[in-house]
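# Chains, contacts and geometry: an overview
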Amino acid sequence: MAPAAGSRASGRMLVQWLDSAWVRPVGLMVVVVVLWELAVRLFAIPPYLVPKPWDVILVLVHDRDMLLAESMPTTIATIGGFALSVAVGIPLAMLIAGSRTVEAYLYPLLVFSQSIPKVAVAPLLVVWFGFGMAPKVICAFLLGVFPVVVAGVQGFKSVEPDMRDLARSVKASWLQTFIIVSLPHALPSIFSGLKVSVTLAVVGAVVGEFVGANSGIGFVLQRSIGNFELPTMFAALTILALIGVVLFWIVDLVERLAVPWHASQRADVIATA
Amino acid sequence: MPAAARRFTVISRDEPARTRRLIEIRGLSKTYRTRAGDVPSLSPVDLDVDEGEFIAVVGPSGCGKSTLLKLLAGLIAPTEGEVRIDGEAVREPPDNVGIVFQSPVLLAWRTLLRNVMMPVEVRGLDRATHLARAHQLLETAGLKGFEDKYPWQLSGGMQQRAAICRALVHDPALLLMDEPFGALDAMTREHMNLELQRIHGETNKTIIFITHSIPEAVFLADRVVVMSSRPGTVEAIYKVDLPRPRSLEMMGERCFAEITKEIRGHFYARGALD
């Protein structure tokens, strides 16, 4: 009786552990990797087409110093582009939400410019700004700014008319209305834009590195593809995904701290009287 | 007892004021200009309100009740005519007015106390004295102990009570209320009516109260202003002479029923209230 109860308790603990937030995605990834390894072995896929996961892991371990060093410029370019997206995107969203005239002139142009493939523009950036950090940051910015503007416009515009009337009835200045009402109201929406933006900024930085760089994960990707070093290429992709995940997670954390009052964050505590 | 039953009278618009006059509305009209053309919302309205008076405004939906309130609050400019509060023409939101909206419009990112203190903060009034006043207002509204709660942690009735505290925090002479209890359930609404009557009795504030509930209007008001449908104008004014404080049981009395019936008659002649 006792051992049965004990095994049931440990079984419950195992289920609980398997159900925790970080184990689920990791578990799924392990399953995918195992299936991938099996597929490569079963169908005898040549390593110059798809590498074995184990070879990728070996590269990640062996070349960790090189990969870490190369991920630095990519991360810096991503953060730089993202910061620029925030610094330009939020004021731009304010302008567009605040004035119909600005919206009429600027918004369609912005959408138009967003439809131009950044990969096509990237070589031009190299021509203009040379090799180095500048074109990468700008490329990350070009991809990252659009979601910030769209989310910001949505946030600033969704302030209820009653809320505006309230601000006007207490004679709030433009700045007071912005700080006390509009900005906090728009923050949840802005944060969802920032999350999309930060992951796109990673893509932008890599595109920048593709066309004009001699360092960074994008550069590693291109070199390894040229040399048919597929395990290295897959290792670089893994690093890239990790950069994206960590940056996304940081934005998510800041959101939790900045808008704890929003419906998406709050705990279920309701008082009645 | 016909004398007791008819304790209300239809009065003319120009009846002389008993006490000091606070609001003068003269030939006030508003036409909204839209792309589809001009939409007249309020055709000339004349009305005088005394200090300390409780005025309820009833009318069919879209009769310009809210427009009238926004004009009084200085939130929109009249097309013609003017509003004078305390002898001064309203051109921008006046300082001695507090507004309660249909929804509580509390700022979700502020605690109840900081919501109530918001007008003080924005107007740059003395913090210490108003903080004491805010605490006192919250206590009388039955919100003591909830000062540090966020609006979403409170029920609809509590949120609207906090909104009333916010409108009163700078001690305005005039309180404008735009269907403040429309979104509440019937029980909470009756409770809020008693609460509002108490506030009116204790503070002697002048209150303009817009509603589409006729019993609510009769229960609360000294005078009930009946508005016609769009473009809205004052159709009749009923003086409610029921003694104060009024109790909910009074709603069952004959004189109460007669006033509500008479007012309702204005609407059923050409269609129901919303």
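Conventions we followed
- Residues numbered from 1 in each chain as written.
- Chains lettered and ligands numbered in written order.
- Predicted model: local features only at pLDDT ≥ 70, side-chain atom pairs only at ≥ 80, totals over all residues.
- UniProt positions renumbered as here; feature names shortened; annotations may be inferred.
- Helix = DSSP H or I, 4+ residues; strand = E, 2+ residues; numbered from the N terminus.
- Contact = placed C-beta atoms within 7 Å.
- Nonpolar A, V, L, I, M, F, W, Y, C, P; charged D, E, K, R; others polar.
- Pairing = 2+ DSSP bridges.
- Axes fitted to C-alpha atoms, helices over the stretch in contact; angles between N-to-C directions.
- Left-handed = near helix turned anticlockwise from the far one by under 90°.
- Buried ≥ 20, exposed ≤ 12 C-beta atoms within 10 Å, placed from the backbone.
- Right-handed = clockwise from strand over helix to strand, strands pointing away.

Looking at an unreviewed UniProt entry, one finds chain B named ABC transporter ATP-binding protein and attributed to Chelatococcus daeguensis.

In the nomenclature of an unreviewed UniProt entry, chain A is known as ABC-type nitrate/sulfonate/bicarbonate transport system, permease component of Chelatococcus sambhunathii. The heading Subcellular location (unreviewed entry) in the UniProt record of chain A holds the text "Cell membrane". Under the UniProt heading Sequence similarities (unreviewed entry), the note attached to chain A is "Belongs to the binding-protein-dependent transport system permease family."

Helix and strand counts for chain B stand at nine helices and 11 strands. Taking the principal axes of the C-alpha coordinates as reference, chain B spans close to 50 × 50 × 35 Å.

All right, on to the environment of A:Leu253 then. Tracing the sequence through the fold places A:Leu253 in helix 11 (residues 230-258). Along the backbone, A:Leu253 and A:Lys118 are 135 residues apart, and their C-alpha atoms lie at a distance of 29 Å.

Our next topic: the interface of chain B and chain A. In this assembly, 24 residues from chain B lie in contact with 21 residues from chain A. Element by element, the count of residues in the side of chain B that touches chain A is highest for helix 4 (residues 118-123) of chain B, at four residues. When grouped by side-chain class, the residues that make up the side of chain B that touches chain A number 17 nonpolar, five polar and two charged.

Residues and elements named next belong to chain B. The sheet contact formed by strand 2 (residues 21-34) and strand 5 (residues 80-85) spans five bridges and is antiparallel. The residue of strand 5 that forms the bridge with Arg 26 is Glu 82. When strand 5 meets strand 6 (residues 88-89), the two strands line up antiparallel, connected through two bridges. Within strand 6, the residue paired with Arg 84 across the bridge is Ala 89. If you look at the hairpin formed by strand 5 and strand 6, you'll find two residues sitting between the two strands, and Asp 86 has a positive phi there, around 55°.

This next bit is on the packing of helix 6 (residues 118-129) of chain A against helix 7 (residues 133-157) of chain A. Residues and elements named next belong to chain A. The geometry of helix 6 relative to helix 7 is characterised by a closest axis approach of 9 Å and an angle of 145° between their N-to-C directions. Here helix 6 and helix 7 pass one another in a crossing that is right-handed. Two secondary-structure elements touch here, helix 6 through Lys 118, Ala 122, Leu 125, Val 126 and Phe 129 and helix 7 through Ala 134, Pro 135, Ile 138, Cys 139, Leu 142 and Leu 143. Classifying every residue of the contact of helix 6 with helix 7 by side-chain character gives 10 nonpolar, no polar and one charged.

A word on the UniProt feature "domain: ABC transmembrane type-1" (unreviewed entry) in chain A. The sites that carry the UniProt feature "domain: ABC transmembrane type-1" (unreviewed entry) are, in the present numbering, residues 71-251 of chain A. With 88% helix and 0% strand, residues 71-251 of chain A has end C-alpha atoms that lie 19 Å from one another.

Residues and elements named next belong to chain B. The buried fraction of strand 9 (residues 206-210) amounts to five of the five residues, a majority that puts the element mostly inside the structure. Residues of strand 9 alternate between two faces, with Thr 206, Ile 208 and Ile 210 on one and Ile 207 and Phe 209 on the opposite face, all of them buried. Two elements, strand 8 (residues 174-178) and strand 9, share five bridges in a ladder whose sense is parallel. Each bridged residue has a counterpart across the sheet, and for Met 177 the counterpart in strand 9 is Phe 209. Each parallel crossover has a hand, and for strand 8 linked through helix 7 (residues 186-203) to strand 9 it is right-handed.

What follows is about unusual backbone geometry. Cis rather than trans, the peptide bond between B:Arg244 and B:Pro245 has omega equal to -5°. Its location among the elements puts B:Pro245 in the loop between strand 11 (234-240) and helix 9 (254-268). If you check the backbone angles, A:Phe228 has positive phi at about 55° while not being a glycine. Relative to the helices and strands, A:Phe228 is located in the loop between helix 10 (217-226) and helix 11. A positive phi angle is found at B:Asp171, which is not glycine, with a value near 55°. For B:Asp171, the position within the fold is in the loop between helix 6 (156-168) and strand 8. For B:Asp171, a count of 14 C-beta atoms within 10 Å gives the class partly exposed.

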